[in-house]
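Examining the three-dimensional arrangement
Here is how the chains run, residue by residue.
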Amino acid sequence: MTDPPIRTTVIGSYPFPSWLQQARRNLDAFGAADIDEMQEDAVVAALHDQRRAGLDVVTDGEQTRFDFNLSFYGYLEGIRLEQASERKWGPPAHDQRPTHTITGELRAPDGLGAVEEFERLRRLAPPGPSLKACLPGPYTLSGRLTPNDRYPDRHAVAEALLPIVQRELEALVEAGCPEIQVDEPSMSCYAHKADTGRLVDLYNRTVEPVVGRCRLTTHLCFGNYKGHAVGRRRLAPMFPDFLDLKADELHVEMANREFAEIEMLGTIAEEKDVAVGVVDVKNYYVETPDDVARRIRRCLDHVPADRLSVAPDCGLSQTARWAARRKLNALVEGAHQVRSSL
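Quick summary incoming for the structure in this document. Being a predicted model, the structure only gives us computed values, none of them experimental.

A tally of regular secondary structure across the chain gives 10 helices and 12 strands. If you line up the chain on its principal axes, its C-alpha atoms span 60 × 45 × 45 Å. Here the chain holds 342 residues, and 56% of them are scored as buried. The contacts of the chain with a sequence gap of at least 6 include a subset with a gap of at least 24, amounting to 78%. As displayed, the chain offers around 14400 Å² of accessible surface, 48% of which is attributable to carbon and sulfur atoms. Across the chain, the mean location of the 42 positive side-chain charges is 4 Å away from that of the 52 negative side-chain charges.

In structure tokens:
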């Protein structure tokens, strides 16, 4: 059950400050201590915006990553990092993202860095909001690695990544992380053409060691690379199989889809808490608190208030910071409007 009812949360990522984007292009000009300082300052900025909005749950804004998942490949052994992509020019889309070549056994002897991120977040976060760490699941991580003879398909790559992600989840719990979000947008993007039972089994084996030891949430969306989706944007192919995911809460994208399939929220709420995207991160229409309140009331027709969290549709890293601030403010104010009327 969510606490408080209509809990306000975020998916994970937040826009980089402009100075950090500029600094990233010139990292050779900085020493290690300079970079540590920049990272801490960026996390403080992300926390400031979230706390000022009044969110119940905050993250570090993933300010030390190059994307919600791309930085993790730097922790892997057995791959050759590449910047090659299928297409370099033209309109931005997912086929412009880099892929990496597998050269040996996939290993991460020093972990994936998520524990260090959480410890920084805990040290810098103001008192009040709950803290959440985010980690991509093995199926989503497998998407940027090219199969080879040793790992002949995406499922084989995902199986090799499973124990690596599993150990990171266990380490987060041991570090005291109260809430962990496993990002698996690839599962929702490809559910319409994948064996959903096999995806559920992969997920459940990954999280098994931490079930019941923290609040476990899962983010399912249809892609947001430079504001573009990649999947068939339908919830129906995921269910009923995804109800068997061993997660306390499922997050689904709704605002960008104009609340299509809203009735599916009730199906999820029969088994789990539901986090609903009620502001659209791909649209520069900035929702008002009244917009958000109306959307939440629609959700309450299907989900009890004590099982409902509200959030943006996806991470905010692809949204300009001025818009992200205003959208978060509207999210919280709209939620408070409805919460006060319960």
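Remark: helix H2 (residues 32-53) packs on helix H3 (residues 114-124), axes separated minimally by 10 Å, with the N-to-C direction vectors making an angle of 60°. Between H2 and H3, the crossing angle belongs to the class labelled oblique. Both H2 and H3 take part in a crossing whose hand is right-handed. Across from Gln39, Glu40, Val43, Val44 and Leu47 in H2, the residues of H3 making contact are Arg120, Leu121, Arg123 and Leu124. Taken together, the residues of the contact of H2 with H3 break down into 5 nonpolar, 1 polar and 3 charged.

Of all hydrophobic cores here, the largest spans 95 residues; its most connected members are Leu76, Leu106, Leu145, Phe239, Phe242, Leu265 and Val276. Here this core gets 10 residues from one element, more than from any other, and that element is helix H5 (residues 154-174). Excluding residues that lie within four positions of it along the chain, Leu76 makes contacts with Arg107, Ala108, Leu112, Leu145, Leu161 and Ile164. Listed in part, the 5 residues of the second largest apolar core include Phe16, Leu20, Ala23 and Ala42.

What describes two packed helices is the angle between their axes and the distance between those same axes. Interhelical geometry of helix H9 (residues 289-300) versus helix H10 (residues 321-341) gives an angle of 55° and a closest axis separation of 7 Å. Taken together, the axis directions place H9 and H10 in an arrangement best described as oblique. Classified by chirality, the crossing of H10 by H9 is right-handed. For the pair H9 and H10, the contacting residues are Pro289, Asp290, Val292, Ala293, Ile296, Arg297 and Leu300 in the first and Ala330, Leu331, Glu333, Gly334, Ala335, Gln337, Val338 and Ser341 in the second. When grouped by side-chain class, the residues that make up the contact of H9 with H10 number 9 nonpolar, 3 polar and 3 charged.

Conventions adopted
- Residues numbered from 1 in each chain as written.
- Predicted model: local features only at pLDDT ≥ 70, side-chain atom pairs only at ≥ 80, totals over all residues.
- Heavy atoms only, no water.
- Helix = DSSP H or I, 4+ residues; strand = E, 2+ residues; numbered from the N terminus.
- Buried < 20%, exposed > 50% of the residue type's maximum accessible area, 1.4 Å probe, protein only.
- Contact = heavy atoms within 4.5 Å.
- Areas by Shrake-Rupley, 256 points an atom, 1.4 Å probe, with all protein chains shown as cover.
- Lys, Arg positive; Asp, Glu negative; His and termini not counted.
- Charge placed at Lys NZ, Arg CZ, Asp CG, Glu CD.
- Axes fitted to C-alpha atoms, helices over the stretch in contact; angles between N-to-C directions.
- Parallel < 35°, antiparallel > 145°, perpendicular 65-115°, else oblique.
- Left-handed = near helix turned anticlockwise from the far one by under 90°.
- Nonpolar A, V, L, I, M, F, W, Y, C, P; charged D, E, K, R; others polar.
- Core = buried A, V, L, I, M, F, W, Y, C linked by side-chain atoms within 4.5 Å.

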